[in-house]
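# A look at the structure
Here is how the chains run, residue by residue.
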Amino acid sequence: MSSTKGKQVCIVGSGNWGSVIAKIVGHNVQKLDKFDNRVTMYVYEEIINGKKLTEIINEQHENVKYLPGHKLPPNVEAIADVVEAAKDADILVFVLPHQFIKGICSTLLGKIKPTAIALSLIKGFDRLEGGGIELISHIINRHLKIPCHVLMGANLANEVANEQFCETTIGCRDRKIGSMLRDIIQTEYFRVVVVDDEDTVEICGALKNIVACGAGFVDGLGLGDNTKAAVIRLGLMEMIKFVDVFYPGGKLSTFFESCGVADLITTCFGGRNRKCSEAFVKTGKSIKQLEDELLNGQKLQGPITAEEVNFMLKSKGMEEKFPIFTTVHKICTGELKPQEFINCIREHPEHMNFNGTNKESRQQCKL
Ligand SMILES: NC(=O)c1ccc[n+]([C@@H]2O[C@H](COP(=O)([O-])OP(=O)(O)OC[C@H]3O[C@@H](n4cnc5c(N)ncnc54)[C@H](O)[C@@H]3O)[C@@H](O)[C@H]2O)c1
Ligand SMILES: O=P(O)(O)OC[C@H](O)CO
C-alpha cells in the first residue's frame with residue numbers, strides 16, 4: 001500500500017462524485033504499474049455520529065455521508081489536510097463544488113510538486129473582476145501554475161457508483177497526457193473519449209446546470225415532456241452561442257460528445273439541480289433551504305452558475321440574447337416568478353431565424 005513506484009494520484013474532494021471517482025481511480029491504479037497504489041483523497045472534515053469522517057472512511061472504506069452503500073478500495077486514504085493529501089501527487093484530480101476551489105488553490109499554492117498536472121471534474125465558473133467569468137481549469141492553472149485538463153460527461157454519480165454503463169469526455173490537448181488520464185479513469189462500464197477542445201468541454205459541463213434548473217421549473221409547473229424538450233433544445237442553442245461569442249474557436253462536434261447533449265439530457269431528467277428546482281416551484285421555499293433539506297450536504301451548482309453567467313451577460317448588455325440563462329437566474333433570485341418562465345422564452349432569438357437555426361453558431365463552430 002505504501003509503494004512509490006509510479007505516479008501518485010490525489011483526489012481533491014470527497015463528495016458524491018468525488019467518492020465515485022476515488023473508487024474508480026483506486027481500482028485502476030492497482031492494475032497499472034505506472035501508477036502508485038496509494039491514492040490520497042482530501043476530505044473536508046466533519047463529524048458523523050461523534051466520529052471523524054476521515055476515520056470512518058479509513059476504517060470502513062465507505063463515505064457513509066456522501067456515497068453510502070458503496071465500498072472504496074482500501075488503497076484510497078482519506079486525509080483531512082489538503083496539503084498533506086496533495087504534496088506528493090503527480091496527478092491532482094479536482095472534484096469539489098466549484099464555490100470552494102479558490103480557497104483550496106490558495107492553500108495549495110507552493111505546496112505541490114511543480115511537475116504535477118491537474119484534471120478538473122468541477123462544473124461551474126468563477127466571477128472575474130470587471131464583469132467577466134473565469135473557467136475553473138484556468139483558475140487552477142493560474143493559481144497553481146500547473147496544466148489543468150478537464151473531464152465532464154453524462155455522469156450522475158449514483159448511477160456510475162452502481163456501475164451502470166455510461167460515457168464521459170476528457171478535454172486534453174496533449175495526446176500523451178490525455179491517454180494517461182484515460183488510464184486512471186476508464187473502466188468496462190465508464191468509457192472515456194478524449195478530445196482536444198478543452199474549454200468547450202468545460203463550458204458545456206458548467207452551463208448545462210443552468211438549463212437543468214429550467215427543466216426543473218417545467219416539471220414543477222407540470223408542463224410536460226414537450227415543453228422540457230424545448231427548454232433542452234433552446235438551452236443547447238444558448239450553450240453553443242455562449243461558446244461562439246465568448247470562447248470563439250470551439251468545435252460544434254464537442255456538443256455531440258458525452259459532455260454536451262448527453263449530459264444535458266441526463267441532468268434535465270435525473271440531476272439534483274432539476275430536483276431542487278422542481279421543489280422550488282412546488283413548495284415556494286428558497287433554493288438554499290431546499291439544498292439543505294433535500295441534499296444532505298451535497299451542493300447545487302446551477303443557481304450559482306446562473307448568477308455568475310448573469311454577472312457577465314449583464315455587464316455586457318447581453319441578457320436578452322440568452323433568455324434561458326437570464327430567466328433561470330431571475331427566478332432563482334425571486335426577481336421573476338416561475339410561472340413567467342415560458343413567457344420569457346416564448347420570443348427566444350432561436351425562433352426569429354428563418355429556418356430555426358442559429359447562423360452565427362453554424363458559421364463559427366465548424367464540425
Ligand atoms: N454528483 C454528481 O452526480 C456529479 C457528477 C458529475 C460532476 N459533478 C461535479 O463534481 C463537483 C463535485 O461534486 P460532488 O457531487 O462530488 O460534491 P457534493 O455536491 O457531494 O458536495 C459535497 C462536498 O463538498 C464538501 N464541502 C462542503 N463544504 C466545504 C468547504 N467549505 N470546503 C471544501 N469542501 C467542502 C463536502 O465535504 C463534500 O465533500 C461539482 O462541480 C459537480 O457539479 C457531480
Ligand atoms: O446532480 P446535478 O444536477 O449536479 O448533475 C450531476 C452531473 O453533473 C450529471 O452529469
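Residues numbered from 1 in each chain as written. Chains lettered and ligands numbered in written order. Predicted model: local features only at pLDDT ≥ 70, side-chain atom pairs only at ≥ 80, totals over all residues. Heavy atoms only, no water.

### Things to note about the UniProt feature "domain: Glycerol-3-phosphate dehydrogenase NAD-dependent N-terminal" (unreviewed entry) in the protein
- According to UniProt, the positions carrying the feature "domain: Glycerol-3-phosphate dehydrogenase NAD-dependent N-terminal" (unreviewed entry) are residues 8-176.
- In this annotation, residues 8-176 is assigned 31% helix and 28% strand; the end-to-end C-alpha distance for the span is 17 Å. (UniProt positions renumbered as here; feature names shortened; annotations may be inferred. Helix = DSSP H or I, 4+ residues; strand = E, 2+ residues; numbered from the N terminus.)

### Some details on the pairing of strand E9 (residues 132-135)
- Residue alternation in E9 divides its side chains into two sets, Gly132 and Glu134 and Ile133 and Leu135, and both sets are buried.
- Where strand E8 (residues 125-128) and E9 come together, four bridges link them in antiparallel fashion. Residue pairing across strands places Arg127 opposite Ile133, the latter belonging to E9.
- The antiparallel pairing of E8 with E9 creates a hairpin that spans three residues between the two strands, and Gly130 there sits at a positive phi of about 95°. (Buried < 20%, exposed > 50% of the residue type's maximum accessible area, 1.4 Å probe, protein only. Pairing = 2+ DSSP bridges.)

### Brief notes about the packing of aromatic side chains
- Summed over the entire model, instances satisfying the criterion amount to nine aromatic pairs.
- Between Phe217 and Phe341 the ring centres are 5.8 Å apart and the planes differ by 75°, which places this aromatic pair in the edge-to-face class. Of this pair, Phe217 sits in helix H8 (residues 198-220) while Phe341 sits in helix H15 (residues 341-346); the two residues are 124 residues apart in sequence, bridging distant segments of the chain.
- Judged by its relative accessible area of 0%, Phe217 is buried. (Phe/Tyr/Trp six-rings, centres within 6.5 Å; stacked < 30°, edge-to-face > 60°.)

### Details of the state of the cysteines
- Counted under the stated rule, the structure contains zero disulfides.
- With no disulfide of its own, Cys259 lies 4.6 Å from the sulfur of Cys204, the closest cysteine sulfur.
- Exposure remark for Cys259: the relative accessible area of 0% places this residue in the buried category. (Disulfide = S-S within 2.5 Å.)

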